[in-house]
2 protein chains.
Amino acid sequence: MAQTDEIEGLAPGEEAAGGRRRGRRGRREVQGHSDAIEQKPFRARRNPFAPVQAVSEDQLEAIHSASLDVLENIGVDFINSEAKALLKAAGADISPSSDRIRMDRGLVLEALASAPEEFILHARNPERNLKVGGDSVIWSGVASAPNCADAQRGRRPGSQQDYRDFLRLSQAFNVIDLNGGYPVEPVDIHASVRHLDCISDFVTLTDKAFHIYSLGRERNLDGMEIARIALGLTHEEFERTPSVISIINSSSPLRLDTPMLQGIIEMSRRGQPIVLTPFTLAGAMAPVTVAGALVQQNAEALAGLAFAQIVRPGAPVVYGGFTSNVDMKSGAPAFGTPEYMQAALVGGQLARRYKLPYRSSAVCAANSPDAQAAWETVFSLWGAIMGGANYIKHAAGWLEGGLTAGFEKFVIDIDLLQMMDAFLQPLDTSPDALAVEAIRDVGPGGHFFGTAHTQARYKTAFYPPIISDWRNFETWRDAGSPTAYDKAQVVCRKALAEYEAPPLDPAIAEELAAFVARRKAEGGAPTDF
Amino acid sequence: MAQTDEIEGLAPGEEAAGGRRRGRRGRREVQGHSDAIEQKPFRARRNPFAPVQAVSEDQLEAIHSASLDVLENIGVDFINSEAKALLKAAGADISPSSDRIRMDRGLVLEALASAPEEFILHARNPERNLKVGGDSVIWSGVASAPNCADAQRGRRPGSQQDYRDFLRLSQAFNVIDLNGGYPVEPVDIHASVRHLDCISDFVTLTDKAFHIYSLGRERNLDGMEIARIALGLTHEEFERTPSVISIINSSSPLRLDTPMLQGIIEMSRRGQPIVLTPFTLAGAMAPVTVAGALVQQNAEALAGLAFAQIVRPGAPVVYGGFTSNVDMKSGAPAFGTPEYMQAALVGGQLARRYKLPYRSSAVCAANSPDAQAAWETVFSLWGAIMGGANYIKHAAGWLEGGLTAGFEKFVIDIDLLQMMDAFLQPLDTSPDALAVEAIRDVGPGGHFFGTAHTQARYKTAFYPPIISDWRNFETWRDAGSPTAYDKAQVVCRKALAEYEAPPLDPAIAEELAAFVARRKAEGGAPTDF
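Source: prediction; values computed, not measured. (Residues numbered from 1 in each chain as written. Chains lettered and ligands numbered in written order. Predicted model: local features only at pLDDT ≥ 70, side-chain atom pairs only at ≥ 80, totals over all residues. Heavy atoms only, no water.)

A. Highlighting the overall build of chain A. Helix and strand counts for chain A come out as 19 helices and 20 strands. For 529 residues, the compact-globule estimate of 2.2 N^0.38 gives 24 Å, and chain A sits close to it at 24 Å. Seen through its principal axes, chain A has C-alpha atoms that stretch 80 × 55 × 45 Å. Put simply, chain A has 529 residues, and 64% of those count as buried. Summarising the internal contacts of chain A: among those between residues at least 6 apart in sequence, 75% fall at separations of at least 24. Counting only carbon and sulfur atoms, one obtains 51% of the accessible surface of chain A, whose full area is about 17,800 Å². In chain A, the 52 positive side-chain charges and the 65 negative ones have mean positions that sit 2 Å from each other. (Helix = DSSP H or I, 4+ residues; strand = E, 2+ residues; numbered from the N terminus. Rg over C-alpha atoms; globule rule 2.2 N^0.38 Å. Buried < 20%, exposed > 50% of the residue type's maximum accessible area, 1.4 Å probe, protein only. Contact = heavy atoms within 4.5 Å. Areas by Shrake-Rupley, 256 points an atom, 1.4 Å probe, with all protein chains shown as cover. Lys, Arg positive; Asp, Glu negative; His and termini not counted. Charge placed at Lys NZ, Arg CZ, Asp CG, Glu CD.)

B. Just the pattern of salt bridges, in detail. Scanning the model with the defined rule gives 74 salt bridges over all chains in all. In this structure, the salt-bridge partner of Glu474(B) is Arg155(A), at a minimum N-O distance of 3.6 Å. With one member in each of two chains, Glu474(B) in helix α17 (residues 473–478) and Arg155(A) in strand β8 (residues 154–157) form a pair that bridges those chains. Since its relative accessible area comes to 37%, Glu474(B) is described here as partly exposed. The salt bridge involving Lys520(A) is made with Asp197(A); its shortest N-O contact spans 2.6 Å. (Salt bridge = Lys/Arg side-chain N within 4 Å of Asp/Glu carboxyl O.)

C. Local environment of the sheet that holds β8(A). All names here are of chain A. Strand order in the open sheet formed by four strands is β8-β7-β20-β19, and the pairing between neighbours is mixed. What marks the edges here is a single partner per strand, and that holds for β8 and β19 (398–399). Where strand β7 (residues 147–150) and strand β20 (residues 404–406) come together, three bridges link them in parallel fashion. Looking across to β20, one finds that Cys 148 is bridged to Ala 405. (Pairing = 2+ DSSP bridges.)

D. Here's a closer look at unusual backbone geometry. Residues and elements named next belong to chain A. At the junction of Ser 252 and Pro 253, the peptide bond is cis and its omega measures out at 0 degrees in the coordinates. In this structure, Glu 400 is a non-glycine residue whose phi angle is positive, near 50 degrees. Inspection of the secondary structure assignment puts Glu 400 in the loop between β19 and β20.

E. Summary view of helix α9 (residues 258–269) of chain B. Residues and elements named next belong to chain B. In this model, α9 (twelve residues) spans 16 Å end to end at C-alpha, consistent with the 16 Å of a helix rising 1.5 Å per residue. Most of α9 is tucked away, with ten of its twelve residues classed as buried. Taken residue by residue, α9 has Pro 259, Met 260, Leu 261, Gln 262, Gly 263, Ile 264, Ile 265, Glu 266, Met 267 and Ser 268 as its buried positions. Taken from the residues just after α9, Gly 271 is the one with a positive phi, measuring 70 degrees. (Expected span 1.5 Å × (residues − 1).)

F. Structural context of the interface of chain A and chain B. Facing the 110 residues of chain A at the interface are 110 residues of chain B. Note on chain A versus chain B: buried area summed over both sides is about 9,300 Å², and carbon and sulfur give 73% of it. Three residues stand out in chain A for area buried against chain B, namely Trp382(A), Phe462(A) and Trp470(A), and they jointly supply 10% of the buried area on that side. Connecting chain A to chain B are 30 residue pairs in polar contact (both at pLDDT 80 or more). It is helix α12 (residues 371–386) of chain A that contributes the most residues to the side of chain A that touches chain B, eleven residues altogether. Each residue belonging to the side of chain A that touches chain B can be placed in one class, and the counts come to 66 nonpolar, 26 polar and 18 charged. (Buried area = accessible area lost by both parts, 1.4 Å probe. Polar contact = N/O pair within 3.5 Å; in protein donor to acceptor, adjacent residues only side chain to side chain. Nonpolar A, V, L, I, M, F, W, Y, C, P; charged D, E, K, R; others polar.)

G. Structural context of the pairing of strand β15 (residues 317–320) of chain B. Residues and elements named next belong to chain B. Side chains Val 317 and Tyr 319 of β15 all project onto a buried face; the interleaved residues Val 318 and Gly 320 project onto the opposite face, where all are buried too. Bridge analysis of strand β13 (residues 274–276) against β15 gives three bridges, and the strand direction is parallel. From the neighbouring strand, Val 275 faces β15, where its bridge partner is Val 318. In the sheet, β15 pairs with strand β18 (residues 358–361) via two bridges, with the strands oriented parallel. Residue pairing across strands places Gly 320 opposite Arg 359, the latter belonging to β18.

H. Just the relation of the copies chain A and chain B, in detail. Least-squares fitting of chain A to chain B yields an RMSD of 0.1 Å, with the transformation described by 0.0 Å of translation along the axis and a rotation of 180 degrees. Such a turn and shift between the copies fits a two-fold axis. Taking C-alpha positions as reference, the residue of chain A nearest the rotation axis is Ala371(A), located at 1.9 Å. Of the interface residues in chain A, 100% have counterparts in chain B that sit at the interface too, so the contact is made through matching surfaces. (Least-squares fit on C-alpha atoms with pLDDT ≥ 70 in both.)

I. View of the environment of Val187(B). Residues and elements named next belong to chain B. By the secondary structure assignment, Val 187 is in the loop between β9 (178–179) and α6 (191–205). C-alpha separation for the pair Val 187 and Pro 157, spaced 30 residues apart in sequence, amounts to 7.1 Å. What Val 187 contacts, discounting residues up to four positions off in sequence, is Pro 157, Gly 158 and Arg 194.

J. Quick peek at the packing of aromatic side chains. Across all of its chains, the model carries 39 aromatic pairs over all chains by this definition. Considering the side-chain rings of Tyr319(A) and Tyr354(A), the 6.4 Å spacing of their centres and the 25 degrees angle between planes classify their relative orientation as stacked. Taken together, the residues Tyr319(A) in strand β15 (residues 317–320) and Tyr354(A) in the loop between α11 (338–353) and β17 (358–361) connect sequence positions 35 residues apart. Taken together, the ring pairs in this structure connect Phe49(A), Phe379(A), Trp382(A), Phe423(A), Phe49(B), Phe379(B), Trp382(B) and Phe423(B) into an aromatic cluster. The aromatic ring of Phe42(B) is capped on one face by Arg128(B), whose charged end is 4.8 Å from the ring centroid. The ring of Phe473(A) has Arg155(B) sitting right over it, with the charged end atom 4.0 Å from the ring centre. (Phe/Tyr/Trp six-rings, centres within 6.5 Å; stacked < 30°, edge-to-face > 60°. Lys NZ or Arg CZ within 6 Å of the ring centre and 35° of its normal.)

K. Main features of the packing of α12(A) against helix α12 (residues 371–386) of chain B. Orientation of α12(A) relative to α12(B), taken along the N-to-C sense of each, is 30 degrees, at an axis distance of 7 Å. The angle between α12(A) and α12(B) places the two elements in the roughly parallel class. Note that α12(A) runs across α12(B); the crossing there is right-handed. Between α12(A) and α12(B), the contacting residues are Ala371(A), Ala374(A), Trp375(A), Val378(A), Phe379(A), Leu381(A), Trp382(A), Ile385(A) and Met386(A) on the first element and Ala371(B), Ala374(B), Trp375(B), Val378(B), Phe379(B), Leu381(B), Trp382(B), Ile385(B) and Met386(B) on the second. (Axes fitted to C-alpha atoms, helices over the stretch in contact; angles between N-to-C directions. Parallel < 35°, antiparallel > 145°, perpendicular 65-115°, else oblique. Left-handed = near helix turned anticlockwise from the far one by under 90°.)

L. How the structure looks around the side chain of Asn47(B). For Asn47(B), the position within the fold is in the loop between α1 (15–32) and α2 (57–74). In this structure Asn47(B) touches Asp135(B), Val137(B), Ile385(B), Gly388(B) and Leu424(B), once residues within four positions along its chain are discounted.

M. Structural context of the nonpolar core. Residues Trp375(A), Trp382(A), Met386(A), Trp375(B), Trp382(B) and Met386(B) are the most contacted members of the largest nonpolar core, which totals 321 residues. At 14 residues, the largest contribution of residues to this core is made by helix α10 (residues 290–311) of chain A. Not counting residues within four places of it along the chain, the set of residues in contact with Met386(A) comprises Phe49(A), Pro51(A), Val52(A), Leu345(A), Leu381(A), Phe423(A), Val52(B), Trp382(B) and Met386(B). (Core = buried A, V, L, I, M, F, W, Y, C linked by side-chain atoms within 4.5 Å.)

N. Region of the structure containing the sheet that holds strand β2 (residues 93–94) of chain A. Residue and element names in this part refer to chain A. Here four strands make up an open sheet; going across it, the order is β2-β3-β1-β12 and the pairing mixed. Strands at the two margins of the open sheet, each flanked by one partner only, are β2 and β12 (255–256). Inspection of the sheet shows β2 paired to strand β3 (residues 100–102) by two bridges, in the antiparallel sense. For Asp 93, the partnering residue across the bridge sits in β3 and is Arg 102. With respect to the sheet, helix α2 (residues 57–74) is in contact with β1 (76–78) and β3, its orientation differing from that of β3 by roughly 125 degrees.

O. Local environment of the packing of α12(A) against helix α13 (residues 407–423) of chain B. Close contact between α12(A) and α13(B) brings their axes to 12 Å; oriented N to C, the two are set at 25 degrees. Here α12(A) lies roughly parallel to α13(B), going by the angle between them. By crossing handedness, the relation of α12(A) to α13(B) is classed as right-handed. Between α12(A) and α13(B), the residues in contact are Trp375(A), Phe379(A) and Trp382(A) and Ile412(B), Asp415(B), Leu416(B), Met419(B), Met420(B) and Phe423(B), respectively. Each residue belonging to the contact of α12(A) with α13(B) can be placed in one class, and the counts come to eight nonpolar, no polar and one charged.

Structural data, given as structure tokens:
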């Protein structure tokens, strides 16, 4: 594949079918090119395991009940007059002179009852549509890092070039399900129009579903309009079709500020999904105990999720958990810790208690893609997967607690995610897989390498890694003792070189370009939020 | 603590109490020395999670049934005349001219029924006794590596000095429960007497339980005698007291050779535990399918475990799983793969089906302690812990598929194991931990750093890592951008410097020395097995 940003022409109306045809051609080309990075097709991924329960039903009820106490008696600040008016109309306890909202448990639980257990998040390529909830597992790469890093150019603030390269990687690897935000902030684009460029890049450089930031009403509206155009929907269709997702972070402890509340209002009002994720760092913005941080996480999540249902009953929502702990020596946030893993498991129990899809993350605090980065990331994944997370964010490329998006880390994590994808495949126990006849043919003291049973299966029997180096020590040493980081540099460059832009209906491309040009001419969005 | 191999004098009979007193003094000294490596005391570790089921009950029965078919109709070679005589007497189908044993399912399941569900493995320091089975989780470091490696001296064949240094590390870190074999083979000791030196080192350099190799009857007998002396038991008491453990590996496919069968006979006859671990590498010594490799693992394990019960009904045994896959491009063994994880989960389901303790491993194929080593090791741990493994071998220091014991890798894995230990702690959901009052005190928009609730708990609230570097990027970069491997070099040297030999009753030390001297004078054990 040649690297290209060109949008190839297709007759109007042929987009979906054309996309599929082109997709198949693309895959054939990859297979024909013996050096191409080997990978499985994009697939709907299911978690075959029952989620792990880290607390008993009684303990879960204690956390649930304590968080309702918080909502009822302590309250949450909703720093937005429109939100307060909506809450007052719904029966929340509110005084005009204060932002403090107290919601009794009846109000909260009744509102939550209208939230759907699962929904489909649509992509402009319908083959990339995603189920969110149930036993579905989807993941996206690092989001919102101010910096990026690679071995050749080091660590630096993000640029549009870096941003686009991460999008190309997200598109190139089938195991990435959606664009979960800006992998790195392109600070060379003015903040007033950055969302227009970035979101239209989602649509042109990838054909996967995407996230927009809730950073002021205008950005939500622009992002939704781009999604509507990209999917070729009428406004009415759009409100029935979840087509773009937004993360809502509470300002812990116990606050929802204006941009986030506007995000909920604008997204939920139009039937677009939000993920309510409190950033409850135990010992800093939340109690120093894991259970206490979970009580606060749950209170903040329920407050925002109930509010979304008050805005529009039935609006698709996701329960987000991001509880971790700080390093008590320095106050620095830590990730992939034992406490993080416990919180990820309990977060899943809470989400399931409310019959909501669950979002977690695969994150680390390491400064470079070394052993620490790997174990912290896998510990986070462990908590997420075994906790039954439906949406795992930041799952490729996250470093430094989110301050840097690493190019090599992204590719290393692709290998980890592909391994997870293989781990989540149901085990085949058909008679043929049980292989009693093969065992009989080989017999005691024999060897299975050359048997027909092995020969028929060996090419696809096991996951073939893209980074792991399984050469023996001597061969590896003679090759210069490369680490995973060294190998990832090569694979990353290769993936960028192989990237191919997905086809886009030229009518949609034209409509999109016109919208972006008009909004830029209008000055974009305010930057004084 | 000063590095010392000296055995301090204690009055005879005061060993246990003296050990405790000394232990307390030792800990006080560590606490007084502000630079000492921080760690939790040795503890009985429980797994609070219900094991994850990777296959349904029906699928499990299919694997079970297929493996009984293998035992009944294909058979296993028992390459030892004493074993064959015992099996014949028990009713197995055997012809004098062949090593092939066919055992019908009734015989196998009836024999297995006498195996205990759990047992106590005794150490010479009774505070280090270990429960094997139930929800207990114990782990030991790397075993049986021919080479060792550290940053300063590189990779080299093991020596007695290296061997002893690994034992010192195993003793220094409370999270290591027992000595699971020779961390590295000290090839500078002649094979005829190596077991005498190595096993007496277990007793003098550590006070933890230990493993002996089944490499010929004499070595089993010598090892058991050293254990008996170390624990101060009569021969009769010894046969009632599991005091030393041995791994029995089948020669896959479907063979048990003489040293391993002698190991079962001598160990089980004296009530000492064995772990039957087939090395079923899918695509090499086992079928290329995970399910097929598990059928063969199960057949081989059941054959050896049933044999142990035939030798002595009620003998303590452990079901070992070590199924992994090969790299089908090179034939090299791979570890910590998705297939390895699946097999580890199903191995636990099989062990529990037979009500047996379960052994797994935390292993990797990486050539250096880089990101690959970390993710493969954690993936293996994931399968082991979530699969309900009771005994996790090779859990610190394993590299290169077992060809090298890494000093830095050992210390990195100590950090991982300590994190696992913290992860396995039950979550406190007492009203105090739920922290509703602390949340009320802080209120919306506040901060928890300075609160009384935080101040009272922050020193012990979270696991403090010994390797993870959580400094911010700038501080870390200015410190030379150290990786986990760099930091592990420092911690490893420090742990060796802080090592303190545990006290040993001088009467026992004398008896042990006399035994070793006599057996060396007799020429040790044959080396032509």
